[in-house]
2 protein chains.
Amino acid sequence: MARRPTLEFWYEFASTYSYLAAMRIEALAEAAGVAVRWRPFLLGPIFAAQGWTSSPFNLYPAKGRNMWRDLEREAARLGLPPVRRPDPFPQNSLAATRVAVAGADQDWLIPFSKAVYAAEFAEGRSIAEPAAVVAILDGLGLDGTLTLKGASAEANKTRLRVAGEEARSRGIYGAPTFLTDDGELFWGNDRLEQALAWAAGERPGDLR
Amino acid sequence: MARRPTLEFWYEFASTYSYLAAMRIEALAEAAGVAVRWRPFLLGPIFAAQGWTSSPFNLYPAKGRNMWRDLEREAARLGLPPVRRPDPFPQNSLAATRVAVAGADQDWLIPFSKAVYAAEFAEGRSIAEPAAVVAILDGLGLDGTLTLKGASAEANKTRLRVAGEEARSRGIYGAPTFLTDDGELFWGNDRLEQALAWAAGERPGDLR
(Lines give C-alpha, C1' and ligand atoms only; values in the text may rest on other atoms or scores of the structure.)
Protein backbone atom coordinates (compact mmCIF):
# COMPACT_ATOMS: atom_id res chain seq x y z
CA MET A 1 0.00 0.00 0.00
CA ALA A 2 1.33 3.42 -0.92
CA ARG A 3 2.28 5.77 1.88
CA ARG A 4 -0.46 8.31 2.51
CA PRO A 5 0.47 11.86 1.56
CA THR A 6 1.25 14.06 4.53
CA LEU A 7 0.29 17.61 5.32
CA GLU A 8 2.29 19.51 7.92
CA PHE A 9 0.09 21.65 10.15
CA TRP A 10 2.13 24.47 11.69
CA TYR A 11 0.26 26.03 14.58
CA GLU A 12 0.80 28.62 17.30
CA PHE A 13 -1.15 28.27 20.53
CA ALA A 14 -1.81 32.02 20.78
CA SER A 15 -3.35 32.12 17.30
CA THR A 16 -7.12 32.29 17.00
CA TYR A 17 -7.30 30.87 13.48
CA SER A 18 -4.90 28.07 14.41
CA TYR A 19 -7.56 27.15 16.97
CA LEU A 20 -10.23 26.81 14.29
CA ALA A 21 -7.91 24.74 12.11
CA ALA A 22 -6.92 22.45 15.00
CA MET A 23 -10.55 21.70 15.75
CA ARG A 24 -11.44 20.62 12.23
CA ILE A 25 -8.29 19.29 10.57
CA GLU A 26 -8.62 15.68 11.74
CA ALA A 27 -12.01 14.97 10.17
CA LEU A 28 -11.19 16.81 6.94
CA ALA A 29 -7.81 15.09 6.58
CA GLU A 30 -9.37 11.68 7.18
CA ALA A 31 -11.94 12.37 4.44
CA ALA A 32 -9.18 13.51 2.08
CA GLY A 33 -6.98 10.47 2.79
CA VAL A 34 -4.17 12.68 4.04
CA ALA A 35 -2.03 12.15 7.14
CA VAL A 36 -1.33 15.23 9.26
CA ARG A 37 1.88 16.03 11.04
CA TRP A 38 1.21 18.54 13.84
CA ARG A 39 4.04 21.08 14.07
CA PRO A 40 3.79 23.43 17.06
CA PHE A 41 5.95 26.55 16.85
CA LEU A 42 6.26 30.08 18.21
CA LEU A 43 5.19 32.90 15.92
CA GLY A 44 6.54 35.62 18.23
CA PRO A 45 10.15 35.55 16.95
CA ILE A 46 8.92 35.68 13.33
CA PHE A 47 6.64 38.63 14.09
CA ALA A 48 9.46 40.34 16.00
CA ALA A 49 11.77 39.93 13.00
CA GLN A 50 9.31 41.86 10.88
CA GLY A 51 9.04 44.60 13.46
CA TRP A 52 5.83 43.59 15.23
CA THR A 53 5.93 43.72 19.00
CA SER A 54 2.45 42.25 19.48
CA SER A 55 -0.25 40.53 17.49
CA PRO A 56 -1.26 42.43 14.34
CA PHE A 57 -4.78 42.19 15.77
CA ASN A 58 -3.63 44.45 18.60
CA LEU A 59 -1.40 46.66 16.47
CA TYR A 60 -4.24 47.39 14.03
CA PRO A 61 -7.42 47.87 16.11
CA ALA A 62 -9.96 47.84 13.24
CA LYS A 63 -8.47 44.58 12.02
CA GLY A 64 -8.55 43.21 15.54
CA ARG A 65 -12.19 44.14 16.13
CA ASN A 66 -13.23 42.36 12.98
CA MET A 67 -11.09 39.33 13.73
CA TRP A 68 -12.96 38.72 16.99
CA ARG A 69 -16.33 39.10 15.31
CA ASP A 70 -15.22 36.89 12.43
CA LEU A 71 -13.94 34.27 14.86
CA GLU A 72 -17.32 34.32 16.60
CA ARG A 73 -19.11 33.84 13.26
CA GLU A 74 -16.73 31.14 12.04
CA ALA A 75 -16.86 29.24 15.34
CA ALA A 76 -20.68 29.26 15.11
CA ARG A 77 -20.56 28.09 11.51
CA LEU A 78 -18.20 25.24 12.41
CA GLY A 79 -20.32 24.17 15.38
CA LEU A 80 -17.71 25.14 17.96
CA PRO A 81 -18.64 26.61 21.37
CA PRO A 82 -19.07 30.40 21.64
CA VAL A 83 -15.69 32.11 21.67
CA ARG A 84 -14.39 33.45 24.95
CA ARG A 85 -11.38 35.76 24.80
CA PRO A 86 -8.42 35.04 27.03
CA ASP A 87 -7.01 38.04 28.86
CA PRO A 88 -4.47 39.18 27.87
CA PHE A 89 -4.50 38.45 24.18
CA PRO A 90 -2.29 37.08 22.78
CA GLN A 91 -1.49 34.58 25.49
CA ASN A 92 2.12 33.74 26.23
CA SER A 93 2.35 30.31 24.63
CA LEU A 94 5.91 29.38 25.56
CA ALA A 95 5.21 26.71 28.22
CA ALA A 96 2.46 25.04 26.16
CA THR A 97 4.59 25.06 23.02
CA ARG A 98 7.58 23.56 24.83
CA VAL A 99 5.35 20.72 25.99
CA ALA A 100 3.90 20.19 22.51
CA VAL A 101 7.37 20.10 20.97
CA ALA A 102 8.43 17.56 23.59
CA GLY A 103 5.35 15.53 22.72
CA ALA A 104 5.97 15.53 18.95
CA ASP A 105 6.09 11.74 18.77
CA GLN A 106 3.59 11.04 21.56
CA ASP A 107 -0.01 10.02 21.09
CA TRP A 108 -1.07 12.77 23.47
CA LEU A 109 0.17 15.61 21.24
CA ILE A 110 -3.14 16.13 19.46
CA PRO A 111 -5.44 15.80 22.50
CA PHE A 112 -3.09 18.10 24.43
CA SER A 113 -3.05 20.70 21.64
CA LYS A 114 -6.83 20.68 21.32
CA ALA A 115 -7.24 20.89 25.11
CA VAL A 116 -4.97 23.95 25.20
CA TYR A 117 -7.04 25.65 22.50
CA ALA A 118 -10.34 24.75 24.18
CA ALA A 119 -9.14 26.15 27.51
CA GLU A 120 -7.95 29.34 25.83
CA PHE A 121 -10.68 30.17 23.32
CA ALA A 122 -13.78 28.21 24.41
CA GLU A 123 -13.30 28.83 28.14
CA GLY A 124 -11.27 32.04 27.96
CA ARG A 125 -8.75 30.67 30.45
CA SER A 126 -5.08 31.58 30.65
CA ILE A 127 -2.63 29.08 29.19
CA ALA A 128 0.40 31.17 30.05
CA GLU A 129 1.36 29.94 33.50
CA PRO A 130 3.18 26.63 33.90
CA ALA A 131 0.44 25.61 36.37
CA ALA A 132 -2.21 26.01 33.65
CA VAL A 133 -0.26 23.75 31.32
CA VAL A 134 0.30 21.20 34.08
CA ALA A 135 -3.44 21.16 34.80
CA ILE A 136 -4.24 20.49 31.14
CA LEU A 137 -1.73 17.62 31.06
CA ASP A 138 -3.08 16.21 34.32
CA GLY A 139 -6.58 16.39 32.84
CA LEU A 140 -5.41 14.08 30.07
CA GLY A 141 -4.23 11.50 32.62
CA LEU A 142 -0.56 12.42 32.24
CA ASP A 143 1.92 13.48 34.91
CA GLY A 144 1.82 17.19 34.14
CA THR A 145 4.59 18.27 36.44
CA LEU A 146 7.00 15.63 35.13
CA THR A 147 6.07 16.32 31.51
CA LEU A 148 6.60 20.07 31.85
CA LYS A 149 9.91 19.46 33.59
CA GLY A 150 11.08 17.31 30.70
CA ALA A 151 9.87 19.92 28.23
CA SER A 152 11.93 22.57 30.00
CA ALA A 153 15.20 20.69 29.51
CA GLU A 154 17.87 22.34 27.40
CA ALA A 155 17.61 19.79 24.59
CA ASN A 156 13.92 20.49 24.14
CA LYS A 157 14.40 24.26 24.20
CA THR A 158 16.87 23.79 21.38
CA ARG A 159 14.35 21.67 19.51
CA LEU A 160 11.80 24.48 19.78
CA ARG A 161 14.31 27.06 18.51
CA VAL A 162 15.22 24.78 15.59
CA ALA A 163 11.52 24.40 14.72
CA GLY A 164 11.22 28.18 14.61
CA GLU A 165 14.23 28.45 12.31
CA GLU A 166 12.78 25.74 10.10
CA ALA A 167 9.46 27.62 9.95
CA ARG A 168 11.12 30.83 8.86
CA SER A 169 13.42 29.14 6.35
CA ARG A 170 10.45 27.40 4.74
CA GLY A 171 8.63 30.69 4.22
CA ILE A 172 6.22 30.65 7.14
CA TYR A 173 5.08 34.14 8.21
CA GLY A 174 1.84 33.40 10.08
CA ALA A 175 -0.29 30.68 11.59
CA PRO A 176 -1.81 28.34 10.84
CA THR A 177 0.31 27.33 7.88
CA PHE A 178 0.00 24.10 5.93
CA LEU A 179 2.96 22.61 4.05
CA THR A 180 2.66 19.73 1.61
CA ASP A 181 5.24 17.04 0.85
CA ASP A 182 6.27 18.99 -2.26
CA GLY A 183 6.70 22.25 -0.35
CA GLU A 184 3.49 24.02 -1.32
CA LEU A 185 2.59 26.54 1.38
CA PHE A 186 -0.98 27.46 2.31
CA TRP A 187 -1.58 30.15 4.90
CA GLY A 188 -4.63 30.42 7.10
CA ASN A 189 -7.54 28.33 8.28
CA ASP A 190 -9.39 29.39 5.12
CA ARG A 191 -6.91 27.40 3.03
CA LEU A 192 -7.18 24.08 4.89
CA GLU A 193 -9.43 22.52 2.25
CA GLN A 194 -7.17 23.61 -0.62
CA ALA A 195 -4.07 22.40 1.22
CA LEU A 196 -5.60 18.96 1.78
CA ALA A 197 -6.71 18.74 -1.85
CA TRP A 198 -3.20 19.67 -3.00
CA ALA A 199 -1.64 17.13 -0.63
CA ALA A 200 -4.01 14.49 -2.06
CA GLY A 201 -2.70 15.24 -5.54
CA GLU A 202 -5.40 17.57 -6.88
CA ARG A 203 -4.29 20.65 -8.81
CA PRO A 204 -6.56 23.62 -9.54
CA GLY A 205 -6.96 24.15 -13.28
CA ASP A 206 -3.78 23.12 -15.08
CA LEU A 207 -1.48 24.52 -12.39
CA ARG A 208 1.72 22.74 -11.43
CA MET B 1 -42.47 42.43 -3.63
CA ALA B 2 -39.98 42.99 -0.86
CA ARG B 3 -36.80 44.90 -1.63
CA ARG B 4 -33.86 42.58 -2.16
CA PRO B 5 -31.23 42.76 0.55
CA THR B 6 -28.10 44.63 -0.50
CA LEU B 7 -24.45 43.87 0.03
CA GLU B 8 -21.93 46.67 -0.34
CA PHE B 9 -18.76 45.55 -2.10
CA TRP B 10 -15.87 47.86 -1.21
CA TYR B 11 -12.99 47.34 -3.62
CA GLU B 12 -9.60 48.85 -4.39
CA PHE B 13 -8.27 48.55 -7.92
CA ALA B 14 -4.71 47.82 -6.75
CA SER B 15 -5.89 44.90 -4.60
CA THR B 16 -5.34 41.38 -5.87
CA TYR B 17 -8.06 39.77 -3.79
CA SER B 18 -10.52 42.52 -4.75
CA TYR B 19 -9.87 41.33 -8.31
CA LEU B 20 -10.95 37.78 -7.46
CA ALA B 21 -14.05 39.05 -5.67
CA ALA B 22 -15.01 41.36 -8.55
CA MET B 23 -14.85 38.51 -11.01
CA ARG B 24 -17.18 36.22 -9.07
CA ILE B 25 -19.52 38.40 -7.01
CA GLU B 26 -22.20 38.87 -9.67
CA ALA B 27 -23.02 35.18 -10.18
CA LEU B 28 -22.86 34.38 -6.46
CA ALA B 29 -25.03 37.35 -5.51
CA GLU B 30 -27.60 36.44 -8.15
CA ALA B 31 -27.78 32.90 -6.77
CA ALA B 32 -28.16 34.24 -3.23
CA GLY B 33 -30.88 36.71 -4.19
CA VAL B 34 -28.78 39.65 -3.01
CA ALA B 35 -28.25 42.97 -4.80
CA VAL B 36 -24.68 44.31 -4.82
CA ARG B 37 -23.66 47.93 -4.53
CA TRP B 38 -20.15 48.39 -5.92
CA ARG B 39 -18.15 50.83 -3.77
CA PRO B 40 -14.76 51.78 -5.22
CA PHE B 41 -12.36 53.41 -2.76
CA LEU B 42 -8.67 54.04 -2.14
CA LEU B 43 -6.97 51.88 0.45
CA GLY B 44 -3.74 53.92 0.41
CA PRO B 45 -4.84 56.57 2.91
CA ILE B 46 -6.09 53.87 5.31
CA PHE B 47 -2.81 51.97 5.04
CA ALA B 48 -0.87 55.22 5.48
CA ALA B 49 -2.83 55.99 8.64
CA GLN B 50 -1.64 52.69 10.15
CA GLY B 51 1.95 53.44 9.18
CA TRP B 52 2.22 51.42 5.97
CA THR B 53 3.93 53.16 3.08
CA SER B 54 3.29 50.36 0.59
CA SER B 55 1.28 47.18 0.27
CA PRO B 56 1.80 44.76 3.18
CA PHE B 57 2.67 42.25 0.45
CA ASN B 58 5.74 44.38 -0.31
CA LEU B 59 6.52 45.29 3.29
CA TYR B 60 6.52 41.61 4.34
CA PRO B 61 8.29 39.65 1.57
CA ALA B 62 7.41 36.12 2.76
CA LYS B 63 3.75 37.15 2.92
CA GLY B 64 4.03 38.71 -0.52
CA ARG B 65 5.64 35.65 -2.11
CA ASN B 66 2.85 33.45 -0.83
CA MET B 67 0.15 35.92 -1.86
CA TRP B 68 1.25 35.71 -5.50
CA ARG B 69 1.36 31.94 -5.41
CA ASP B 70 -1.99 31.81 -3.65
CA LEU B 71 -3.49 34.20 -6.20
CA GLU B 72 -2.24 31.93 -8.97
CA ARG B 73 -3.84 28.91 -7.31
CA GLU B 74 -7.10 30.68 -6.53
CA ALA B 75 -7.39 32.14 -10.04
CA ALA B 76 -6.93 28.63 -11.46
CA ARG B 77 -9.51 27.22 -9.07
CA LEU B 78 -12.02 29.91 -10.05
CA GLY B 79 -11.44 29.40 -13.77
CA LEU B 80 -9.84 32.82 -14.28
CA PRO B 81 -6.95 33.38 -16.71
CA PRO B 82 -3.39 32.85 -15.45
CA VAL B 83 -2.32 35.79 -13.28
CA ARG B 84 0.10 38.30 -14.73
CA ARG B 85 1.67 40.75 -12.33
CA PRO B 86 1.56 44.45 -13.16
CA ASP B 87 4.83 46.31 -12.68
CA PRO B 88 5.07 48.06 -10.33
CA PHE B 89 2.84 46.45 -7.74
CA PRO B 90 0.74 47.92 -6.29
CA GLN B 91 -0.47 50.01 -9.21
CA ASN B 92 -1.42 53.62 -8.65
CA SER B 93 -5.20 53.34 -8.79
CA LEU B 94 -6.13 57.02 -8.44
CA ALA B 95 -7.31 57.72 -12.01
CA ALA B 96 -9.28 54.47 -12.28
CA THR B 97 -10.89 55.00 -8.89
CA ARG B 98 -11.90 58.57 -9.71
CA VAL B 99 -13.62 57.26 -12.82
CA ALA B 100 -15.37 54.48 -10.91
CA VAL B 101 -16.60 56.92 -8.26
CA ALA B 102 -17.91 59.19 -11.01
CA GLY B 103 -19.66 56.18 -12.52
CA ALA B 104 -21.34 55.08 -9.29
CA ASP B 105 -24.83 55.37 -10.77
CA GLN B 106 -23.93 54.42 -14.34
CA ASP B 107 -24.54 51.07 -15.95
CA TRP B 108 -20.90 50.97 -17.06
CA LEU B 109 -19.49 50.90 -13.51
CA ILE B 110 -19.31 47.11 -13.28
CA PRO B 111 -17.98 46.42 -16.81
CA PHE B 112 -15.45 49.22 -16.33
CA SER B 113 -14.31 47.86 -12.95
CA LYS B 114 -13.92 44.33 -14.30
CA ALA B 115 -12.07 45.61 -17.37
CA VAL B 116 -9.62 47.49 -15.14
CA TYR B 117 -8.95 44.34 -13.14
CA ALA B 118 -8.58 42.17 -16.25
CA ALA B 119 -6.08 44.62 -17.78
CA GLU B 120 -4.13 44.72 -14.53
CA PHE B 121 -4.05 41.11 -13.33
CA ALA B 122 -4.91 38.95 -16.37
CA GLU B 123 -2.85 40.98 -18.84
CA GLY B 124 -0.33 42.51 -16.44
CA ARG B 125 -0.86 45.96 -17.92
CA SER B 126 -0.48 49.26 -16.15
CA ILE B 127 -3.69 50.98 -15.06
CA ALA B 128 -1.87 53.93 -13.53
CA GLU B 129 -1.64 56.40 -16.40
CA PRO B 130 -4.70 58.43 -17.41
CA ALA B 131 -4.16 57.12 -20.97
CA ALA B 132 -4.58 53.53 -19.75
CA VAL B 133 -7.88 54.40 -18.08
CA VAL B 134 -9.05 56.30 -21.16
CA ALA B 135 -8.26 53.27 -23.33
CA ILE B 136 -10.31 51.00 -21.07
CA LEU B 137 -13.27 53.39 -21.21
CA ASP B 138 -12.96 53.71 -24.99
CA GLY B 139 -12.92 49.93 -25.22
CA LEU B 140 -16.34 49.90 -23.55
CA GLY B 141 -17.71 52.26 -26.19
CA LEU B 142 -17.59 55.31 -23.93
CA ASP B 143 -15.84 58.60 -24.52
CA GLY B 144 -12.82 57.93 -22.33
CA THR B 145 -11.28 61.37 -22.50
CA LEU B 146 -14.52 63.12 -21.59
CA THR B 147 -15.34 60.64 -18.83
CA LEU B 148 -11.91 61.02 -17.23
CA LYS B 149 -12.18 64.79 -17.47
CA GLY B 150 -15.49 64.69 -15.64
CA ALA B 151 -14.03 62.36 -13.03
CA SER B 152 -11.19 64.81 -12.40
CA ALA B 153 -13.55 67.64 -11.46
CA GLU B 154 -13.33 68.98 -7.93
CA ALA B 155 -16.78 67.70 -6.94
CA ASN B 156 -15.82 64.14 -7.83
CA LYS B 157 -12.48 64.35 -6.02
CA THR B 158 -14.45 65.34 -2.95
CA ARG B 159 -16.80 62.41 -3.47
CA LEU B 160 -13.79 60.07 -3.51
CA ARG B 161 -12.40 61.57 -0.33
CA VAL B 162 -15.77 61.25 1.38
CA ALA B 163 -15.98 57.59 0.34
CA GLY B 164 -12.57 57.01 1.97
CA GLU B 165 -13.74 58.67 5.16
CA GLU B 166 -16.90 56.58 5.12
CA ALA B 167 -14.82 53.43 4.66
CA ARG B 168 -12.63 54.21 7.63
CA SER B 169 -15.51 55.28 9.86
CA ARG B 170 -17.35 52.04 9.12
CA GLY B 171 -14.36 49.95 10.21
CA ILE B 172 -12.83 49.08 6.85
CA TYR B 173 -9.10 48.28 7.07
CA GLY B 174 -8.52 46.25 3.89
CA ALA B 175 -10.03 45.22 0.58
CA PRO B 176 -12.22 43.68 -0.50
CA THR B 177 -14.68 44.35 2.30
CA PHE B 178 -18.35 43.44 2.29
CA LEU B 179 -20.88 45.35 4.38
CA THR B 180 -24.45 44.20 4.92
CA ASP B 181 -27.55 46.35 5.42
CA ASP B 182 -27.27 45.78 9.17
CA GLY B 183 -23.60 46.79 9.27
CA GLU B 184 -21.97 43.37 9.48
CA LEU B 185 -18.44 43.59 8.06
CA PHE B 186 -16.73 40.74 6.23
CA TRP B 187 -13.14 41.16 5.10
CA GLY B 188 -11.54 39.38 2.20
CA ASN B 189 -12.50 37.45 -0.90
CA ASP B 190 -12.63 34.34 1.29
CA ARG B 191 -15.65 35.75 3.11
CA LEU B 192 -17.79 36.55 0.07
CA GLU B 193 -19.98 33.47 0.51
CA GLN B 194 -20.53 34.16 4.22
CA ALA B 195 -21.28 37.83 3.54
CA LEU B 196 -23.91 36.94 0.94
CA ALA B 197 -25.48 34.36 3.24
CA TRP B 198 -25.62 36.93 6.05
CA ALA B 199 -27.13 39.54 3.71
CA ALA B 200 -29.74 36.97 2.68
CA GLY B 201 -30.73 36.55 6.32
CA GLU B 202 -28.85 33.38 7.27
CA ARG B 203 -27.07 33.32 10.61
CA PRO B 204 -24.38 30.78 11.55
CA GLY B 205 -25.44 28.73 14.58
CA ASP B 206 -27.57 30.87 16.87
CA LEU B 207 -25.52 34.01 16.34
CA ARG B 208 -27.15 37.42 16.12
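Residues numbered from 1 in each chain as written. Chains lettered and ligands numbered in written order. Predicted model: local features only at pLDDT ≥ 70, side-chain atom pairs only at ≥ 80, totals over all residues. Heavy atoms only, no water.

**Q** Would you take a moment to explain unusual backbone geometry for this structure?
**A** Apart from glycine, the bulk of residues carry a negative phi angle, and the bulk of peptide bonds sit in the trans form. In this structure, Pro88(A) follows Asp87(A) across a cis peptide bond, with omega equal to 0°. When you line up the elements, Pro88(A) lands in the loop between helix H4 (61–77) and helix H5 (94–102). Cis geometry is adopted by the peptide bond preceding Pro90(B), which originates at Phe89(B) and carries an omega value of -5°. (Helix = DSSP H or I, 4+ residues; strand = E, 2+ residues; numbered from the N terminus.)

**Q** How should I be thinking about the sheet that holds strand S3 (residues 177–180) of chain A in this particular structure?
**A** Sheet strands line up and pair through hydrogen bonds in the backbone, either parallel or antiparallel. Residue and element names in this part refer to chain A. Across the sheet, which stays open at both edges, the four strands sit in the order S2-S1-S3-S4 with mixed pairing between neighbours. The open sheet has two edge strands, strand S2 (35–40) and strand S4 (185–187), and neither has a second partner. Pairs of neighbouring strands in the sheet enclose a mean axial angle of 20°, with direction left out of account. Inspection of the sheet shows S3 paired to S4 by three bridges, in the antiparallel sense. (Pairing = 2+ DSSP bridges. Axes fitted to C-alpha atoms, helices over the stretch in contact; angles between N-to-C directions.)

**Q** Which parts of the structure should I look at to understand the relation of the copies chain A and chain B?
**A** One chain copy maps onto the other through a rotation about an axis and a shift parallel to that axis. The two copies are related by a screw motion: chain A maps onto chain B through a turn of 180° and a shift of 0.0 Å along the axis, at an RMSD of 0.0 Å. Such values leave the two copies arranged in the relation of a two-fold axis. No C-alpha of chain A lies nearer the rotation axis than that of Asp190(A), which sits 3.5 Å from it. When you check the interface residues of chain A against chain B, 100% turn up at the interface there too, and the contact is symmetric in its surfaces. (Least-squares fit on C-alpha atoms with pLDDT ≥ 70 in both. Contact = heavy atoms within 4.5 Å.)

**Q** Would you mind going over the sheet that holds strand S1 (residues 6–11) of chain B with me for this structure?
**A** All names here are of chain B. The sheet built from four strands is open, its strands ordered S2-S1-S3-S4 with mixed pairing. Strands at the two margins of the open sheet, each flanked by one partner only, are strand S2 (35–40) and strand S4 (185–187). Shown here is a sheet whose adjacent strand axes are inclined to one another by a mean of 20°, direction ignored. Pairing geometry for S1 and strand S3 (residues 177–180), over four bridges, is antiparallel. Within the sheet, the bridge partner assigned to Phe9 lies in S3 and is Phe178. Against the sheet, helix H9 (residues 154–169) touches S1 and S2, its axis set at about 110° to S1.

**Q** Help me understand the packing of aromatic side chains in this model?
**A** Remark: the centre distance and the inter-plane angle together describe each pair of aromatic rings, the angle taken between the planes. All names here are of chain B. In total, this model carries 36 aromatic pairs over all chains according to the counting rule given. Ring geometry for Trp68 versus Phe89: centroids 4.9 Å apart, planes at 75°, classification edge-to-face. In this pair, Trp68 sits in helix H4 (residues 61–77) while Phe89 sits in the loop between H4 and helix H5 (94–102), placing the two residues 21 residues apart along the sequence. Each member of the pair, Trp68 as well as Phe89, carries the same accessibility label: buried. (Phe/Tyr/Trp six-rings, centres within 6.5 Å; stacked < 30°, edge-to-face > 60°. Buried < 20%, exposed > 50% of the residue type's maximum accessible area, 1.4 Å probe, protein only.)

**Q** Is there a simple way to explain the UniProt feature "active site" (unreviewed entry) in chain A in this structure?
**A** Residues and elements named next belong to chain A. UniProt's feature table lists "active site" (unreviewed entry) at Ser15, given in the numbering used throughout. Within the secondary structure layout, Ser15 lies in the loop between strand S1 (6–11) and helix H1 (16–32). Discounting residues that sit within four places of it in the chain, Ser15 has contacts with Tyr117, Phe121, Ala175 and Pro176. (UniProt positions renumbered as here; feature names shortened; annotations may be inferred.)

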